[in-house]
Amino acid sequence: MSSEHDVTALLHDWCHGNDAVKERLFELVYDAMRKMARSHLRRERADHTLQPTALVHEVYLRLVDQREVDWQNRAHFFGVAAEVMRRILVDHARRHAAIKRGDGQRCVSIDEAKDVAASDEIPILVLDHALGRLERVDAALAKIVELRAFGGLTIDAAAHVLGVSPSTVKRDWRTARAWLRRELDPIS
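The rules behind the values
Residues numbered from 1 in each chain as written. Predicted model: local features only at pLDDT ≥ 70, side-chain atom pairs only at ≥ 80, totals over all residues. Heavy atoms only, no water. Helix = DSSP H or I, 4+ residues; strand = E, 2+ residues; numbered from the N terminus. Contact = heavy atoms within 4.5 Å. Areas by Shrake-Rupley, 256 points an atom, 1.4 Å probe, with all protein chains shown as cover. Salt bridge = Lys/Arg side-chain N within 4 Å of Asp/Glu carboxyl O. Buried < 20%, exposed > 50% of the residue type's maximum accessible area, 1.4 Å probe, protein only. Expected span 1.5 Å × (residues − 1). Arc of directions from axis to C-beta. pLDDT = per-residue confidence, 0-100. Phe/Tyr/Trp six-rings, centres within 6.5 Å; stacked < 30°, edge-to-face > 60°. Lys NZ or Arg CZ within 6 Å of the ring centre and 35° of its normal. Axes fitted to C-alpha atoms, helices over the stretch in contact; angles between N-to-C directions. Parallel < 35°, antiparallel > 145°, perpendicular 65-115°, else oblique. Nonpolar A, V, L, I, M, F, W, Y, C, P; charged D, E, K, R; others polar.

Tallying secondary structure elements over the chain gives eight helices and two strands in all. Overall, the chain shows an N-to-C arrangement of helices and strands of α-α-α-α-β-β-α-α-α-α. Relative to all contacts within the chain whose residues are 6 or more apart in sequence, the contacts with residues 24 or more apart total 62%. Just so you have it, the chain exposes about 10100 Å², and 49% of that area is on carbon and sulfur atoms.

Across all of its chains, the model carries ten salt bridges by this definition. With its nearest N and O atoms 2.8 Å apart, the salt bridge here joins Glu58 to Arg62. Of the two residues, Glu58 and Arg62 both sit in helix α3 (residues 52-64), four residues apart, roughly one turn of that helix. Among the residues examined, Glu58 registers a relative accessible area of 30% and is labelled partly exposed. Residue classification places Arg62 among the partly exposed residues on the basis of a relative accessible area of 31%. The partner of Glu146 in a salt bridge is Arg86, and the shortest N-O contact between them spans 3.0 Å.

Between its first and last C-alpha atoms helix α8 (residues 166-184) spans 26 Å; for 19 residues at 1.5 Å apiece the expected length is 27 Å, and the two agree. Of the residues making up α8, those classed as buried are Thr168, Val169, Asp172, Trp173, Ala176, Arg177, Trp179, Leu180 and Leu184. Around the axis of α8, the buried residues are gathered within 165 degrees of arc, so they sit on the same side.

Turning to the environment of Cys15, a few remarks are in order. Relative to the elements of secondary structure, Cys15 occurs in helix α1 (residues 3-15). On the basis of relative accessible area, Cys15 is assigned to the partly exposed category, the value being 28%. Linking Cys15 and Val69, residues 54 residues apart in sequence, is a C-alpha distance of 7.5 Å. Not counting the four nearest positions on each side in its chain, Cys15 is found in contact with Val69, Asp70 and Trp71.

The share of residues in the chain with pLDDT of 70 or more is 80%, and the mean pLDDT across the chain is 79. Confidence, read as mean pLDDT per element, is least for strand β1 (residues 107-109) in the chain (54) and greatest for α8 (91). Every residue in residues 112-120 is under pLDDT 50, and counting partners more than four places away or in other chains gives 16 contacts.

Counted by the stated rule, this structure contains five aromatic pairs. On the numbers, 5.2 Å between centres and 55 degrees between planes, the contact of Trp71 with Phe77 is tilted. The residues Trp71 and Phe77 share a single accessibility class, namely buried. A connected cluster of aromatic rings, assembled from ring pairs, spans Trp14, Trp71, Phe77 and Phe78. The ring of Trp173 carries the charged tip of Arg148 above its face, separated from the ring centre by 4.8 Å.

Tracing the backbone shows Asp128 in helix α5 (residues 124-137). It is 9.7 Å that separates the C-alpha atoms of Asp128 and Glu146, two residues lying 18 residues apart in sequence. Dropping the residues within four chain positions of it, Asp128 is found in contact with Arg86, Val90 and Arg94.

Glancing now at the packing of helix α6 (residues 139-150) against α8. Packing of α6 against α8 brings their axes to within 9 Å, and their N-to-C directions diverge by 95 degrees. Relative to α8, the element α6 is oriented roughly perpendicular. Only Val169, Asp172, Trp173, Thr175, Ala176 and Leu180 of α8 make contact with α6, whose side of the interface consists of Leu141, Ile144, Val145, Arg148 and Ala149. For the contact of α6 with α8, a count of residues per class yields eight nonpolar, one polar and two charged.

See below:
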């Protein structure tokens, strides 16, 4: 059985009250979550205090505390993990910015996907506020940005999480990036 099926089976067992599977689940998802965390933290400032291992553990601890989630599969798990990782990074940036009185905002690229070139980086708090505005305009577009940019999900994985076709995700990803670029363009 592949690890994707193993993860889905463990999530299913967990949903049905078997808390003993959490440790095995963590073993199966750890490498992918650490890769996701390293990808995000690679773009952080040099003196950043959050390390990939700590970020993975914080995300996982928040996920295992979830009692009302009906885990569907591995992709759903990583979609929720992306959302939690975004919250942790934003909270960390807010704490750091408060300490530095606004001078400590971290920068992340709008386009996390490897197939998209990003020329500018923006502070994560600015991106978070823009995503909040996009969510009010179109929640589905905001979710795609969250899954792709913060979760590192591929087009196919994001489509699976959202229950739509890959072509829909591609189209909406282009639309969301264009909306964010327009919103975040300092010249506008």
